[in-house]
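Tertiary structure, described
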Amino acid sequence: SQQGEEDPQALSIQEGENATMNCSYKTSINNLQWYRQNSGRGLVHLILIRSNEREKHSGRLRVTLDTSKKSSSLLITASRAADTASYFCATDRGSTLGRLYFGRGTQLTVWP
Amino acid sequence: NAGVTQTPKFQVLKTGQSMTLQCAQDMNHNSMYWYRQDPGMGLRLIYYSASEGTTDKGEVPNGYNVSRLNKREFSLRLESAAPSQTSVYFCASSPRTDTQKLFFGSGTQLSVL
């Protein structure tokens, strides 16, 4: 079963706009991660947020985590055409054994 | 610095054939993983190896076997391929299990006819 559930499944915006993607999960976690996948490529790690953190920034990325609601959001500010990709959240379900459980992803399209 | 290298990139098999997917990493990582990605399903963990000499089942291990040949290499074997194993397979590595930040290869597109 999928641990993370991203919402929306697809998002289409214009360059310069902000893109917000959400992720919900069902179990306790140690941390939550976001990954990007360009078409036909492997996943690339974007950012990790620990369960005791509420917000984290990395460049144009902002991630929030609400453990009481078991949800996270990824905000990409001032989107560019190069941000077009699928974005996945992943959680560890509270394990430290290194297993990550991925959601189905959000397909982001940024139009020039 | 190649990172995680997977071979082959594409493969077509007939039902019942066997094959091995190869994965190697040059980052001196302890942990390695095999995932499959199906349309609309995200990634699902097949097997993982927390360290050299150990392997464990993930979410969907049936029909697969793995070998952690050494610290660098982690192979995935399909003994008798089935159409349900048509998928894109990704190998990943991590410095250690509690870091959990994964570095992915570029994938193997496998079709079983």
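It should be noted that the structure appears before, not after, this text.
A few points on the structure. (Residues numbered from 1 in each chain as written. Chains lettered and ligands numbered in written order. Predicted model: local features only at pLDDT ≥ 70, side-chain atom pairs only at ≥ 80, totals over all residues. Heavy atoms only, no water.)

Glancing now at the packing of aromatic side chains. Overall, the coordinates contain eight aromatic pairs over all chains when judged by the stated rule. Measuring from centroid to centroid gives 5.9 Å for A:Tyr35 and B:Phe104, while their planes differ by 85 degrees, and the two rings are edge-to-face. Here the residue A:Tyr35 occupies a position in strand S4 (residues 31-37), and B:Phe104 occupies one in strand S10 (residues 103-104), the pair thus bridging two chains. With respect to burial, A:Tyr35 and B:Phe104 carry one shared label: buried. Considering the side-chain rings of B:Tyr64 and B:Tyr89, the 5.9 Å spacing of their centres and the 65 degrees angle between planes classify their relative orientation as edge-to-face. Placement of B:Tyr64 in strand S7 (residues 64-68) and of B:Tyr89 in strand S9 (residues 87-94) is noted, with a sequence separation of 25 residues between them. Feature note: the residues A:Tyr35, A:Phe102, B:Tyr35, B:Phe90 and B:Phe104 constitute an aromatic cluster, connected by ring pairs. (Phe/Tyr/Trp six-rings, centres within 6.5 Å; stacked < 30°, edge-to-face > 60°. Helix = DSSP H or I, 4+ residues; strand = E, 2+ residues; numbered from the N terminus. Buried < 20%, exposed > 50% of the residue type's maximum accessible area, 1.4 Å probe, protein only.)

Let us now look at the environment of B:Tyr35. With respect to the secondary-structure elements, B:Tyr35 resides in strand S4 (residues 31-38). The class of B:Tyr35 is buried, set by a relative accessible area of 0%. Spatially, the C-alpha atoms of B:Tyr35 and B:Leu45 are 4.4 Å apart, while their sequence positions differ by ten residues. When sequence neighbours within four positions are dropped, the list of residues in contact with B:Tyr35 reads A:Leu100, A:Phe102, B:Leu43, B:Arg44, B:Leu45, B:Ile46, B:Val88, B:Tyr89, B:Phe90, B:Leu102 and B:Phe104. Among the polar contacts made by the side chain of B:Tyr35, one reaches the main-chain carbonyl oxygen of A:Leu100 at a distance of 3.0 Å. (Contact = heavy atoms within 4.5 Å. Polar contact = N/O pair within 3.5 Å; in protein donor to acceptor, adjacent residues only side chain to side chain.)

All names here are of chain A. Spatial strand order, S1-S3-S8-S7-S6: five strands in an open sheet with antiparallel pairing. The open sheet is flanked by strand S1 (5-7) and strand S6 (55-58), the only strands paired with a single partner. Mean inter-strand twist for the sheet, computed between neighbouring axes without regard to direction, equals 20 degrees. Pairing of strand S7 (residues 61-66) with strand S8 (residues 71-76) involves six bridges; the strand directions are antiparallel. Along S8, the bridge assignment pairs arginine 62 with leucine 75. (Pairing = 2+ DSSP bridges. Axes fitted to C-alpha atoms, helices over the stretch in contact; angles between N-to-C directions.)

Counted under the stated rule, the structure contains five salt bridges over all chains. In this structure, the salt-bridge partner of A:Glu55 is A:Arg62, at a minimum N-O distance of 3.2 Å. Since its relative accessible area comes to 40%, A:Glu55 is described here as partly exposed. A relative accessible area of 32% means that A:Arg62 is categorised as partly exposed. Several salt bridges converge on common partners, so that one network encompasses B:Arg36, B:Asp38 and B:Arg44. (Salt bridge = Lys/Arg side-chain N within 4 Å of Asp/Glu carboxyl O.)

Here the focus is the nonpolar core. Counting residues in hydrophobic clusters, the biggest one holds 22 residues, and the most contacted among them are A:Leu32, A:Trp34, A:Leu74, A:Ile76, A:Tyr87 and A:Leu108. Of all the secondary structure elements, the ones that give two or more residues to this core are strand S2 (10-14), strand S3 (19-24), S4, strand S5 (43-50), S7, S8, strand S9 (85-91) and strand S11 (106-111) of chain A. Core analysis: the next-biggest nonpolar cluster, separate from the first, contains 19 residues, B:Leu13, B:Met32, B:Val66 and B:Leu110 among them. (Core = buried A, V, L, I, M, F, W, Y, C linked by side-chain atoms within 4.5 Å.)

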